[in-house]
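This is what each chain is made of:
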Amino acid sequence: MAYITNAQTDAITISGIVKEEKTHAIIAYANVVLKKETDSSFVAGTITGEDGRFAIGNINAESYYLEVSYAGFTTVRQPVLAGQLNKFLDAGTIALKEDSKVLQDVVVTSKADAVATKLDKKTFNVSDNISQMGGSVMDAMKNLPGVTVQDGKVQLRGSDKISVLVDGRQTALTGMGSQSGLDNIPASAIERIEIINNPSSKYDANGNAGIINIIYKKEKKEGLNGKIGMMAGAGALWVKQENYPTIRQQYTATPKLNPSISLNYRKNKVNVFLQADNLYTKTLNKNEFVDRYYDNGTVVKQQTVRNRTTNVVTGKTGLDYYVNDQNTINASVLFSSEKILDNGDEPFFNSDLSQRQRLWRFIEDELKTTATASVGWQHKFKQPGRSLSVSGNYTYHRENEQYFFTNILPTYTGLDSFKLLSDEHVADFSADYVQPLKYGRIEGGLKFRYRYIPVNMRFIPGLNSPLDTNAGGWANYTETIPALYGNYVFENKKFELEAGVRVEYVAVQYDVNPNHNTYKSDGYNYTQPFPNLRLAYKLNDKNRISFFYNRRVDRPNEVDIRIFPKYDDAEIIKVGNPALAPQFTNSLELGYKTNWSNGYFYSAAYHKIMDATITRIASVVPGSTLIYNIFQNAGRSYNTGLEMLLSYNIGKKVLLSLNATGYRNEIEAFTVVNKYPQQNTFTAAKQEMFSGNVKLNGLFHLPYKTDAQLTAIYLAPDIIPQGKIYSRFSIDMGVKKAVQKGKGELFLNATDIANTLRIKKQVQGDGFNYLSTDYYETQVFRVGYNYKF
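Residues numbered from 1 in each chain as written. Predicted model: local features only at pLDDT ≥ 70, side-chain atom pairs only at ≥ 80, totals over all residues. Heavy atoms only, no water.

This part is about unusual backbone geometry. Phi is mostly negative for residues that are not glycine, and the peptide bonds are mostly trans. Omega for the peptide link from Tyr676 to Pro677 comes to -5°, which places this bond in the cis form. With respect to the helices and strands, the residue Pro677 is situated in the loop between strand S35 (670-674) and strand S36 (680-684). Not every positive phi belongs to a glycine, and Asp752 is a case in point at roughly 45°. Relative accessible area serves as the criterion here: at 1%, Asp752 is assigned to the buried category. Located in the positive-phi region is Asn755, a residue other than glycine, with phi close to 55°. Relative to the elements of secondary structure, Asn755 occurs in the loop between strand S42 (744-751) and strand S43 (759-765). A residue is classified by how much of its surface remains accessible, and Asn755, at 8% relative accessible area, is buried. (Helix = DSSP H or I, 4+ residues; strand = E, 2+ residues; numbered from the N terminus. Buried < 20%, exposed > 50% of the residue type's maximum accessible area, 1.4 Å probe, protein only.)

Below, the structure is given as C-alpha cells:
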C-alpha cells in the first residue's frame, strides 16, 4: 500500500511590522533576530524595510523568540511558537518604547502533530504502492487504510458517497460531486492521493464520506526534466469458474499496456508541464452467476459474461507564469478519451440447467470524451501568508453510448438496440481569501457553479422487442449552486480550534419529455448551512486528541435520476428516479494520535446520521420475473465505527502497517412507492450489520537497492440494499529495483496472487430472492520500467 506521508515540517515564515508605541510611526531598519527558546542560539536575522515590515522565512517548527531592537528604544523580546497548521505567522505590530520597560510578551502560536497534522487528512504517495504500480487510480486505492472497493466504486469507511477532486477541483472525468472513471485513470500520471474524512467549509458540501483529492504530477525544477515509463501485463491467466453451456468463451490471458510520459520545463518566470498516458486493457469485467428464486416456485439461473476492451488516452498540459513576487497566473487543460467495447453473453436456464430459456447477447460501444480548461490567478500581499486566489473552470463531458442486442429465444431471434447521447457542461468560478492572524488565520470565499446536461435516449426495437420504447426520448438536467464560506483557525500551545460554515443555495431542475410513459419533470431547491468544527488538545509533543463535527449533503447525480431503463442486464434492469431527494448527514468523530521514534498509532471513533438515505430498491411487478433496481430515499440510517492504523519500523529494513476498520451499519424500516414500470409499494424491515476490514502491509528494503511489498486484505460481510455481501480476501505483492544510478526503476507485481477474490451477494425482495457470485478478473501480473531525467 501507499503510506501516510511522514510529514516533513514545511518551511515557515514569520512576519510583522515594527512601530513606535506612542506615535505609531513606522520604524525602518530596526534589527529583528530570531533565536531558539531552549538555548537562545541564533537562528536568523533581518532588518525592517522602509515600510517597517519584516519577514524571516525557511524556519522549522519549534519554539523561538524574536528580539527587536533600534537605537534609542528598549529591546523587545517576543516568544513565537512556530508550528505546522500555518506556513505564515503574523507577529502583528511590535511596538517599541523609548526608554521604557520591556513590553509584555505576545505569543504567536502554530504547532501541530508531526504526521497527520490535524487528523482530518491522510496523504499517500502513489510511487510507494509497489504492488499496484502500472494499474489505475482505483487499483492504487485498494490498499489504502480505510478504503474499500465495491461494485466499481471506492468506499471510505463503508460508504461510496465521496467527492473526487483532481488537483483540488471537481471535473466530469471523476464525477461532479460523486465518483466515476477512477478505474480508467492511470496511476502513473498521479503524484499522490489525499483522503479527507472531515473537510472544512472551504470544500463543497457534497460527499458525506469525505473527499479524495488526486494530485497530478508536476515539477517546478529549473530547466527540462521529466519521466517516461512503460508497463505491460496480463490478467485472467486461468478460468475461475467455467461458463454455462452454449455461450461464447470468457476472456483469458488479457493484455495490459501503459506507456506514459511526464515533461516539465522551467525558465525564469515560466513553468510549462505535460503529463500524457495511454492505458490499454482487455479485461474479464464481469463473470456473474445469479440464481433467482420466486415465491411462486419459479427458478431462473443466469450468467453474465462481459469481455471488455478499453483504451484510455489522458493528457494534461499547462503553464505557471510568475509575474512577480506577488502575482502568479496558471492555466491548464485536461483531456481524456475513453473507448469501451463490451462483448457479452447472458444465458437464462431453468433450475437444473437442462433447458436454456433465453440467450441475451450484447455489444456495448461507448466513447467518453472529457475536456477541462482551468485558469487561476493568485495575489500575495506584502504581508506573508495573506493571499487572494481567483479561478475559473470549464468542463465538457460527452457520453456516446450504443448497445446492440441479439435476443435469442426458442421460437424467434430479435435484434434490438439503443443509442444514448449525453453532453455535460459545467462552469465554475471561485474566489478565496486568506488572512493570517497572530493566533491562526481567517479564510473566506465564494463559488458559483452552473451545470447543464441534455440527454437523449433512442430505442430501436426488433422482433417482439423487450425494450420499453415509450421510456425513451429526451431529458435535460440543470443545476445552479452559488455558495459562500468562512473559516477561522486558532491555536495556542495546548488547544486548536477550526470552525467554519458554508452556505449553499442549490436549484436543480430535471425536465422530462412529455411523452415518457412514467416520469414527469421534477426538481428541488434548498438553502442550507453546512457547519464544520474541529477541536484539538495537545497532550504533549507526541500525543493529541481531536474532535470533529461536520454536516454534509449527497445530492443525487444526473445518472441517479435518469429516466431511461438500462438493459446491460436483460432481466435485472436499472432505472433512475427524478423524485430522488438529497441525503443530509451529520458526522461526529473523535481522533487520537501518538508518535514514537519507530512509528505511530492513530485511531478514530465516528458516528454518522443520514436522513433521506439514498439507496437502490429491487422489486418485481405482478406477473413478471423481471427485477427493477430503482433509486429511492429510504429514510434514516446510521454508520458507527472505529478506525485504527498502526505503523512500525523494525530497524531500517522493514516497515509494517496494520489498518483495521470496524463499523455498524443500520437502516431503519421504511416504505417507498416505485413508479416504474408500474406503481408498486415496497416495505423493508430494519436492517443492521457489523462489518469492517483488516489490511496488513509490509515494506521490505532489500540489498542492491531493491524494495518489496506484501499486502493482505480481508473485507468482512457487509450490508447492501436488501441484503448482504459476503466476505472477501486477497493478497498483493510487488518488487522494484533502482537502476542507472537511481534514475531508472524496474518493477514487477501481482494482484490477488491466490486468485481468491470474488463477489458474493444475497438480496431479498418482495416475492423473490437471489444469490449472485461474480468471478470477475482480479489476478493481474505487471512488469514495468520508469526513467527520470
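From this point, the narrative continues.
To continue, consider the nonpolar core. With 53 residues, the main nonpolar core has Trp360, Phe405, Tyr567, Ile627 and Tyr676 as its most contacted residues. Look past the residues within four positions of Trp360 in its chain and what remains in contact with it is Gly344, Asp345, Glu346, Phe348, Phe405, Thr406, Asn407, Pro466, Leu467, Tyr567 and Ala570. Counting 25 residues, the second largest nonpolar core, distinct from the first, contains Met138, Val154, Ile190 and Leu334. (Core = buried A, V, L, I, M, F, W, Y, C linked by side-chain atoms within 4.5 Å. Contact = heavy atoms within 4.5 Å.)

This next bit is on the sheet that holds strand S1 (residues 12-20). The sheet built from 3 strands is open, its strands ordered S4-S1-S7 with mixed pairing. On the outer flanks of this sheet lie strand S4 (53-59) and strand S7 (88-96), each paired with one strand and no other. Taking the axes of each pair of neighbouring strands and ignoring which way they run, one obtains an average angle of 20° across the sheet. The sheet contact formed by S1 and S4 spans 5 bridges and is antiparallel. When the bridges of S4 are listed, Ile12 appears paired with Ile59. (Pairing = 2+ DSSP bridges. Axes fitted to C-alpha atoms, helices over the stretch in contact; angles between N-to-C directions.)

The subject of this paragraph is the confidence of the model for the protein. Segments scoring low in pLDDT should not have their predicted coordinates read at a detailed level. Mean pLDDT for the protein: 88, with 95% of residues reaching 70 or above. Ranking the elements of the protein by mean pLDDT puts strand S8 (residues 108-109) last, at 29, and strand S44 (residues 768-774) first, at 96. The low-confidence segment residues 100-117 (pLDDT under 50) makes 77 contacts with residues lying over four places distant or belonging to another chain. (pLDDT = per-residue confidence, 0-100.)

So, about the packing of aromatic side chains. A full pass over the atoms with the stated rule returns 22 aromatic pairs. Between the aromatic rings of Phe418 and Phe459, the centroid separation amounts to 5.9 Å while the plane-to-plane angle is 70°, which identifies the pairing as edge-to-face. A residue pair is termed long-range when its members are at least 10 positions apart, and Phe418 in strand S22 (residues 413-437) and Phe459 in strand S23 (residues 440-460) qualify at 41 residues. The structure contains a cluster of three or more aromatic residues connected by ring pairs, namely Trp360, Phe362, Tyr403, Phe405, Phe418, Phe459 and Tyr567. If you follow Arg386 out to its NZ or CZ, it ends over the ring of Phe381, 4.0 Å from the centre. Of note, Lys724 hangs over the ring of Tyr726, and the distance from its end group to the ring centre comes to 4.5 Å. (Phe/Tyr/Trp six-rings, centres within 6.5 Å; stacked < 30°, edge-to-face > 60°. Lys NZ or Arg CZ within 6 Å of the ring centre and 35° of its normal.)

Secondary-structure assignment places Asn550 in strand S27 (residues 543-554). When the C-alpha atoms of Asn550 and Asn586 are compared, they prove to be 5.9 Å apart, with 36 residues separating the residues in sequence. If we ignore the near neighbours within four places in the chain, the residues touching Asn550 are Asn198, Pro199, Pro531, Asn532, Thr585, Asn586 and Ser587. In terms of polar contacts, Asn550 uses its side chain to reach the side chain of Asn198, at 3.5 Å. (Polar contact = N/O pair within 3.5 Å; in protein donor to acceptor, adjacent residues only side chain to side chain.)

Before going further, it helps to examine the environment of Asn206. With respect to the helices, strands and loops of the structure, Asn206 is situated in the loop between strand S13 (190-196) and strand S14 (210-216). Judged by its relative accessible area of 3%, Asn206 is buried. Between the C-alpha atom of Asn206 and that of Lys161, which follows or precedes it by 45 residues, the distance is 8.4 Å.

Right, let's talk about the pairing of S42 for a bit. Burial analysis of S42 places 6 of its 8 residues in the buried class, the great majority of the element. Bridging between strand S41 (residues 728-739) and S42 involves 7 bridges; their strand directions are antiparallel. From the neighbouring strand, Met733 faces S42, where its bridge partner is Ala750. Between S41 and S42, which pair antiparallel and follow one another directly, the connecting turn spans 4 residues, one of which, Gln740, has a positive phi of 55°. Pairing analysis gives 8 bridges linking S42 to strand S45 (residues 780-788), with the strands arranged antiparallel. Among the inter-strand pairings, Thr751 is bridged to a residue of S45, identified as Val780.

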